[in-house]
Amino acid sequence: MNTSRTRVVLADDDVLLREGLAGLLERSGFEIVGQCGDASELIALVREHRPELAIVDIRMPPSHTSEGLDAARMIREEMPQTAILVLSAHVQVEQAMDLLGSGERSGYLLKSRVTDVDEFVETLERIVRGGSVVDPMLVQELVDARRAEDPLDVLSPREREVLSLMAEGRSNAGIAHQLWITEGTVEKHVHSILTKLRLPATEDDQRRVLAVITFLDAR
């Protein structure tokens, strides 16, 4: 993917973090067309520039609760062609599920986990291409919160690892590379997971991710 044409709007009231992120993205070939520190300005910038990607902090002025998420919802409704990555300092399951359940071109990452530049850039590219990306910590939070009789207990530790990577939007080849196993082995794990969780088997990665998210959220 040619990131040189990927235009980005950044919204975070932490100026140092925002400027640092802007510099990182510029060096990685993205074009920063706007920066701001509050939700209303974010919406105005997206309307003006129609960027391919908006990176949004969940908590922004004035109340520092869910202004960023509310703005993301508005952007998704008004300008669905704009991909949205929400950054959060904390695992906020309900808020993340609300955004991710809205469809493709969306992602949720914890700020503390944005430590690998190449991986972060790859994540942004995946979202812009139409994928959904879920922070593994969110998946783990959902798994840990399950009741003892939860169907996820039927999954082996390796299948849980594959499930987390599936939820990140990774392809079978990407999962194989991450876990140092063959793609054929991943296919067997995915088939087993879908069977055990009674999820529909599909070649469509997007539907596969959303199926997993929907299942986890419904438990």
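Quick notes on the rules
- Residues numbered from 1 in each chain as written.
- Predicted model: local features only at pLDDT ≥ 70, side-chain atom pairs only at ≥ 80, totals over all residues.
- Heavy atoms only, no water.
- Helix = DSSP H or I, 4+ residues; strand = E, 2+ residues; numbered from the N terminus.
- Buried < 20%, exposed > 50% of the residue type's maximum accessible area, 1.4 Å probe, protein only.
- Areas by Shrake-Rupley, 256 points an atom, 1.4 Å probe, with all protein chains shown as cover.
- 1 Å grid on protein atoms, 1.4 Å probe; cavity = no way out; pocket = protein on both sides within 12 Å on 5 of 7 lines; lining within 4 Å.
- Points joined across faces, edges and corners; volume = space filled by probe spheres on them.
- Nonpolar A, V, L, I, M, F, W, Y, C, P; charged D, E, K, R; others polar.
- Salt bridge = Lys/Arg side-chain N within 4 Å of Asp/Glu carboxyl O.
- Core = buried A, V, L, I, M, F, W, Y, C linked by side-chain atoms within 4.5 Å.
- Contact = heavy atoms within 4.5 Å.
- Pairing = 2+ DSSP bridges.
- Right-handed = clockwise from strand over helix to strand, strands pointing away.

Engineer: Describe the overall build of the chain, listing the residues and the values that go with them.
Structural biologist: For the chain, the helix and strand inventory stands at 10 helices and six strands. The buried share of the chain, taken over its 219 residues, is 52%. Carbon together with sulfur atoms contributes 50% to the accessible area of the chain, which is approximately 10400 Å² in total.

Engineer: I'd like to hear about empty space enclosed by the protein, residue by residue, with values.
Structural biologist: Overall, the coordinates contain two cavities of 30 Å³ or more when judged by the stated rule. Each pocket or cavity is described by its volume, and for the largest cavity that value is around 40 Å³. Lining the largest cavity are L10, A11, D12, L17, R18, L21, I55, V56, D57 and L87. Mapped by element, the contributors of at least two residues to the lining of the largest cavity are β1 (7-11), α1 (15-27) and β3 (53-57). Here the lining of the largest cavity is composed, by residue class, of seven nonpolar, no polar and three charged.

Engineer: Explain the pattern of salt bridges to me, using residue names and the numbers behind them.
Structural biologist: Scanning all chains against the criterion turns up 10 salt bridges. E159 is the salt-bridge partner of K196, the closest N and O atoms lying 2.9 Å from each other. Of the two residues, K196 sits in helix α9 (residues 183-196) while E159 sits in helix α7 (residues 157-167), which places them 37 residues apart along the sequence. Its relative accessible area of 32% is what places K196 among the partly exposed residues.

Engineer: Give a description of the nonpolar core that names residues and reports values.
Structural biologist: Membership of the largest hydrophobic core comes to 43 residues, with the highest contact counts inside it found for L42, V46, V162, M166, I175 and I193. Each residue touching I193, except ones within four places of it in the same chain, is listed here: L155, E159, V162, L163 and M166. L10, L21, I32 and L85 belong to the second largest nonpolar core, which has 20 residues in total.

Engineer: Can you tell me about the pairing of strand β5 (residues 106-110), naming the residues and giving the values?
Structural biologist: Of all five residues that make up β5, five are buried, and the element is covered over most of its length. Side chains S106, Y108 and L110 of β5 all project onto a buried face; the interleaved residues G107 and L109 project onto the opposite face, where all are buried too. Note that strand β4 (residues 83-88) and β5 share five bridges and pair parallel. For I84, the partnering residue across the bridge sits in β5 and is S106. One ladder, built from three bridges, connects β5 with strand β6 (residues 132-134); its direction is parallel. Paired with S106 across the bridge in β6 is S132. The parallel pair β5 and β6 is bridged by helix α5 (residues 117-128), and the resulting crossover is left-handed.

Engineer: I'd like a description of the side chain of H189, backed by residues and values.
Structural biologist: As for its position among the elements, H189 is in helix α9. Not counting chain neighbours up to four residues away, the residues in contact with H189 comprise R158, E159, V162 and I181.

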